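As a plain string of letters, each chain reads:
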Amino acid sequence: GAGVSQTPSNKVTEKGKYVELRCDPISGHTALYWYRQSLGQGPEFLIYFQGTGAADDSGLPNDRFFAVRPEGSVSTLKIQRTERGDSAVYLCASSSDRLTQYFGPGTRLTVL
Amino acid sequence: ELKVEQNPLFLSMQEGKNYTIYCNYSTTSDRLYWYRQDPGKSLESLFVLLSNGAVKQEGRLMASLDTKARLSTLHITAAVHDLSATYFCAVEPGAGSYQLTFGKGTKLSVIP
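Definitions and limits used
- Residues numbered from 1 in each chain as written.
- Chains lettered and ligands numbered in written order.
- Predicted model: local features only at pLDDT ≥ 70, side-chain atom pairs only at ≥ 80, totals over all residues.
- Heavy atoms only, no water.
- Phe/Tyr/Trp six-rings, centres within 6.5 Å; stacked < 30°, edge-to-face > 60°.
- Helix = DSSP H or I, 4+ residues; strand = E, 2+ residues; numbered from the N terminus.
- Buried < 20%, exposed > 50% of the residue type's maximum accessible area, 1.4 Å probe, protein only.
- Contact = heavy atoms within 4.5 Å.
- Salt bridge = Lys/Arg side-chain N within 4 Å of Asp/Glu carboxyl O.
- Polar contact = N/O pair within 3.5 Å; in protein donor to acceptor, adjacent residues only side chain to side chain.
- Nonpolar A, V, L, I, M, F, W, Y, C, P; charged D, E, K, R; others polar.

(A) Here's a closer look at the packing of aromatic side chains. The final tally for this structure, using the stated rule, is nine aromatic pairs over all chains. Between Tyr35 of chain A and Phe45 of chain A the ring centres are 5.9 Å apart and the planes differ by 75 degrees, which places this aromatic pair in the edge-to-face class. Separated by 10 residues along the polypeptide, Tyr35 of chain A in strand 4 (residues 31-37) and Phe45 of chain A in strand 5 (residues 44-50) bring together distant segments of the chain. Across the pair, Phe45 of chain A and Tyr35 of chain A agree in class, each one buried. Plain terms: the ring middles of Phe88 of chain B and Phe102 of chain B are 6.2 Å apart, the flat faces sit at 85 degrees to each other, and that makes the pair edge-to-face. Of this pair, Phe88 of chain B sits in strand 9 (residues 85-91) while Phe102 of chain B sits in strand 10 (residues 101-102), placing them 14 residues apart in sequence. Residue classification places Phe88 of chain B among the buried positions, given a relative accessible area of 2%. According to the relative accessible area criterion, Phe102 of chain B is buried, its value standing at 9%.

Structural data, given as C-alpha coordinates:
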(Lines give C-alpha, C1' and ligand atoms only; values in the text may rest on other atoms or scores of the structure.)
Protein backbone atom coordinates (compact mmCIF):
# COMPACT_ATOMS: atom_id res chain seq x y z
CA GLY A 1 0.00 0.00 0.00
CA ALA A 2 0.94 3.64 -0.19
CA GLY A 3 3.38 4.94 2.34
CA VAL A 4 3.78 8.40 3.83
CA SER A 5 4.18 11.00 1.13
CA GLN A 6 5.59 14.52 1.43
CA THR A 7 5.51 17.44 -0.92
CA PRO A 8 7.48 19.15 -2.24
CA SER A 9 10.54 16.92 -2.20
CA ASN A 10 12.76 19.99 -2.46
CA LYS A 11 12.07 23.59 -1.58
CA VAL A 12 14.44 26.49 -2.10
CA THR A 13 13.42 29.82 -0.65
CA GLU A 14 14.91 33.13 0.31
CA LYS A 15 15.52 34.32 3.83
CA GLY A 16 12.43 35.95 5.25
CA LYS A 17 9.93 34.10 3.06
CA TYR A 18 7.05 31.88 4.19
CA VAL A 19 6.94 28.16 3.34
CA GLU A 20 4.47 25.33 3.71
CA LEU A 21 5.44 21.67 3.76
CA ARG A 22 2.80 18.99 3.30
CA CYS A 23 2.52 15.48 4.67
CA ASP A 24 0.06 12.76 3.62
CA PRO A 25 0.14 9.97 6.20
CA ILE A 26 -0.67 6.34 5.64
CA SER A 27 -4.44 5.96 5.38
CA GLY A 28 -6.02 5.27 8.74
CA HIS A 29 -3.04 6.32 10.82
CA THR A 30 -4.25 8.60 13.58
CA ALA A 31 -0.83 9.65 14.87
CA LEU A 32 1.36 11.99 12.85
CA TYR A 33 4.80 13.35 13.70
CA TRP A 34 7.12 15.98 12.27
CA TYR A 35 10.89 15.80 12.69
CA ARG A 36 13.76 17.88 11.37
CA GLN A 37 17.07 16.33 10.31
CA SER A 38 20.17 18.42 9.83
CA LEU A 39 23.13 17.11 7.87
CA GLY A 40 24.99 14.41 9.75
CA GLN A 41 22.52 14.36 12.63
CA GLY A 42 19.64 12.22 13.77
CA PRO A 43 16.09 13.51 13.36
CA GLU A 44 14.85 15.97 16.00
CA PHE A 45 11.25 15.87 17.14
CA LEU A 46 9.10 18.89 16.32
CA ILE A 47 5.43 18.07 16.92
CA TYR A 48 3.02 15.16 17.36
CA PHE A 49 -0.65 15.04 16.36
CA GLN A 50 -3.20 12.58 17.60
CA GLY A 51 -6.16 13.06 15.31
CA THR A 52 -6.69 16.74 14.62
CA GLY A 53 -5.05 18.09 17.74
CA ALA A 54 -1.42 18.76 18.50
CA ALA A 55 -0.78 16.52 21.50
CA ASP A 56 2.83 17.61 21.93
CA ASP A 57 4.42 20.62 20.25
CA SER A 58 7.36 20.91 22.63
CA GLY A 59 9.91 20.43 19.84
CA LEU A 60 8.91 23.45 17.78
CA PRO A 61 11.95 25.72 18.00
CA ASN A 62 10.09 29.04 18.14
CA ASP A 63 6.85 30.75 17.18
CA ARG A 64 7.85 30.98 13.52
CA PHE A 65 6.98 27.30 13.24
CA PHE A 66 3.38 26.12 13.20
CA ALA A 67 1.65 22.93 12.09
CA VAL A 68 -1.95 21.98 11.44
CA ARG A 69 -3.93 18.85 10.74
CA PRO A 70 -7.49 20.14 10.32
CA GLU A 71 -9.22 16.92 9.25
CA GLY A 72 -7.04 14.40 11.03
CA SER A 73 -5.27 13.26 7.90
CA VAL A 74 -3.04 15.60 5.88
CA SER A 75 -0.77 17.89 7.87
CA THR A 76 0.99 21.10 6.90
CA LEU A 77 4.09 22.47 8.59
CA LYS A 78 4.30 26.21 8.19
CA ILE A 79 7.44 28.28 8.67
CA GLN A 80 7.28 32.07 8.72
CA ARG A 81 10.17 34.47 8.12
CA THR A 82 12.53 31.65 7.22
CA GLU A 83 16.15 31.83 8.35
CA ARG A 84 19.22 30.12 6.94
CA GLY A 85 19.35 27.96 10.07
CA ASP A 86 16.00 26.45 9.11
CA SER A 87 17.67 24.61 6.22
CA ALA A 88 17.27 20.88 6.85
CA VAL A 89 15.30 17.85 5.77
CA TYR A 90 11.83 17.87 7.29
CA LEU A 91 10.51 14.39 7.89
CA CYS A 92 6.96 13.33 8.55
CA ALA A 93 5.98 10.02 10.12
CA SER A 94 2.68 8.33 10.88
CA SER A 95 1.66 5.51 13.15
CA SER A 96 -1.40 3.43 13.92
CA ASP A 97 -0.25 1.68 17.06
CA ARG A 98 2.42 3.86 18.66
CA LEU A 99 4.95 1.09 18.21
CA THR A 100 6.30 1.88 14.79
CA GLN A 101 6.58 5.26 13.13
CA TYR A 102 6.64 5.04 9.34
CA PHE A 103 8.65 7.85 7.83
CA GLY A 104 8.10 9.68 4.59
CA PRO A 105 10.86 10.61 2.12
CA GLY A 106 11.21 14.10 3.55
CA THR A 107 11.27 17.63 2.18
CA ARG A 108 14.69 19.18 1.76
CA LEU A 109 14.38 22.87 2.63
CA THR A 110 17.12 25.24 1.61
CA VAL A 111 16.98 28.85 2.76
CA LEU A 112 19.28 31.13 0.80
CA GLU B 1 16.82 16.08 29.14
CA LEU B 2 17.14 12.71 27.45
CA LYS B 3 20.47 12.13 25.71
CA VAL B 4 21.11 9.27 23.31
CA GLU B 5 24.68 8.41 22.39
CA GLN B 6 25.78 6.00 19.74
CA ASN B 7 29.20 4.63 19.11
CA PRO B 8 30.99 4.34 16.96
CA LEU B 9 29.77 7.14 14.71
CA PHE B 10 31.69 5.73 11.76
CA LEU B 11 32.42 2.09 11.12
CA SER B 12 34.28 0.58 8.22
CA MET B 13 34.32 -3.19 8.19
CA GLN B 14 35.18 -5.97 5.81
CA GLU B 15 32.61 -8.34 4.44
CA GLY B 16 32.23 -11.45 6.55
CA LYS B 17 33.26 -9.77 9.81
CA ASN B 18 31.17 -9.26 12.94
CA TYR B 19 30.72 -6.02 14.81
CA THR B 20 28.51 -4.32 17.41
CA ILE B 21 27.04 -0.82 17.51
CA TYR B 22 26.24 0.59 20.95
CA CYS B 23 23.44 2.90 22.00
CA ASN B 24 23.44 4.45 25.48
CA TYR B 25 20.67 6.66 26.82
CA SER B 26 20.49 8.84 29.87
CA THR B 27 17.04 8.35 31.45
CA THR B 28 14.68 5.49 32.12
CA SER B 29 12.87 4.18 29.08
CA ASP B 30 11.21 0.94 28.10
CA ARG B 31 11.01 1.60 24.39
CA LEU B 32 13.95 1.62 22.04
CA TYR B 33 13.92 1.63 18.26
CA TRP B 34 16.50 0.95 15.59
CA TYR B 35 16.20 2.53 12.15
CA ARG B 36 18.22 2.27 8.95
CA GLN B 37 18.76 5.18 6.56
CA ASP B 38 20.30 4.86 3.10
CA PRO B 39 21.90 7.97 1.56
CA GLY B 40 19.25 10.45 0.40
CA LYS B 41 16.45 8.21 1.64
CA SER B 42 14.12 8.20 4.58
CA LEU B 43 14.23 6.00 7.67
CA GLU B 44 13.27 2.35 7.64
CA SER B 45 12.18 0.70 10.89
CA LEU B 46 14.32 -2.29 11.83
CA PHE B 47 13.48 -3.22 15.41
CA VAL B 48 11.23 -2.18 18.28
CA LEU B 49 12.47 -3.28 21.72
CA LEU B 50 9.89 -2.98 24.47
CA SER B 51 11.27 -4.58 27.61
CA ASN B 52 14.39 -5.39 29.51
CA GLY B 53 16.18 -8.35 27.97
CA ALA B 54 14.35 -8.05 24.66
CA VAL B 55 16.24 -9.54 21.75
CA LYS B 56 15.17 -9.39 18.12
CA GLN B 57 16.86 -10.75 15.02
CA GLU B 58 16.35 -10.15 11.34
CA GLY B 59 18.82 -11.69 8.93
CA ARG B 60 22.35 -10.63 9.86
CA LEU B 61 21.19 -8.04 12.40
CA MET B 62 20.36 -8.68 16.04
CA ALA B 63 19.26 -6.04 18.53
CA SER B 64 19.08 -6.29 22.30
CA LEU B 65 18.00 -4.05 25.16
CA ASP B 66 19.26 -3.79 28.75
CA THR B 67 17.08 -1.19 30.46
CA LYS B 68 19.01 -1.37 33.73
CA ALA B 69 22.24 -0.46 31.99
CA ARG B 70 20.34 1.91 29.63
CA LEU B 71 22.08 0.21 26.75
CA SER B 72 21.03 -1.31 23.46
CA THR B 73 23.27 -3.10 21.01
CA LEU B 74 22.93 -3.80 17.30
CA HIS B 75 25.08 -6.76 16.36
CA ILE B 76 26.07 -7.40 12.77
CA THR B 77 27.00 -10.94 11.81
CA ALA B 78 29.05 -11.75 8.72
CA ALA B 79 28.56 -8.33 7.18
CA VAL B 80 27.69 -7.94 3.51
CA HIS B 81 27.91 -4.84 1.32
CA ASP B 82 24.12 -4.40 1.29
CA LEU B 83 24.24 -3.54 4.98
CA SER B 84 26.11 -0.32 4.24
CA ALA B 85 23.89 2.49 5.58
CA THR B 86 23.48 4.77 8.59
CA TYR B 87 21.88 3.14 11.62
CA PHE B 88 20.03 5.18 14.23
CA CYS B 89 18.77 4.22 17.63
CA ALA B 90 15.88 6.19 19.10
CA VAL B 91 14.36 6.27 22.56
CA GLU B 92 10.97 7.33 23.89
CA PRO B 93 11.54 9.42 27.01
CA GLY B 94 8.81 7.87 29.12
CA ALA B 95 5.21 6.95 29.62
CA GLY B 96 2.83 9.26 27.83
CA SER B 97 5.48 10.79 25.64
CA TYR B 98 5.34 9.88 21.99
CA GLN B 99 8.32 11.74 20.65
CA LEU B 100 11.50 9.89 19.76
CA THR B 101 14.95 11.13 20.69
CA PHE B 102 17.51 9.91 18.16
CA GLY B 103 21.22 9.30 18.42
CA LYS B 104 23.55 10.85 15.87
CA GLY B 105 23.69 7.65 13.88
CA THR B 106 26.41 5.16 12.99
CA LYS B 107 27.55 5.28 9.38
CA LEU B 108 28.46 1.74 8.39
CA SER B 109 30.54 0.97 5.32
CA VAL B 110 31.05 -2.68 4.44
CA ILE B 111 34.03 -3.18 2.19
CA PRO B 112 34.28 -6.17 -0.14
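Having put the structure on the table, let's press on.
(B) Fine view of the interface of chain A and chain B. Each partner contributes to the interface: chain A provides 19 residues, whereas chain B provides 18 residues. Our enumeration of links across chain A and chain B arrives at zero salt bridges. Linking chain A with chain B are six residue pairs in polar contact (both at pLDDT 80 or more). Breaking the side of chain A that touches chain B down by element, the ones donating at least two residues are strand 4 and strand 5 of chain A. Counting residues per element, the side of chain A that touches chain B draws most heavily on strand 4 of chain A, which supplies three residues. Along the lines of polarity and charge, the residues of the side of chain A that touches chain B split into nine nonpolar, eight polar and two charged.

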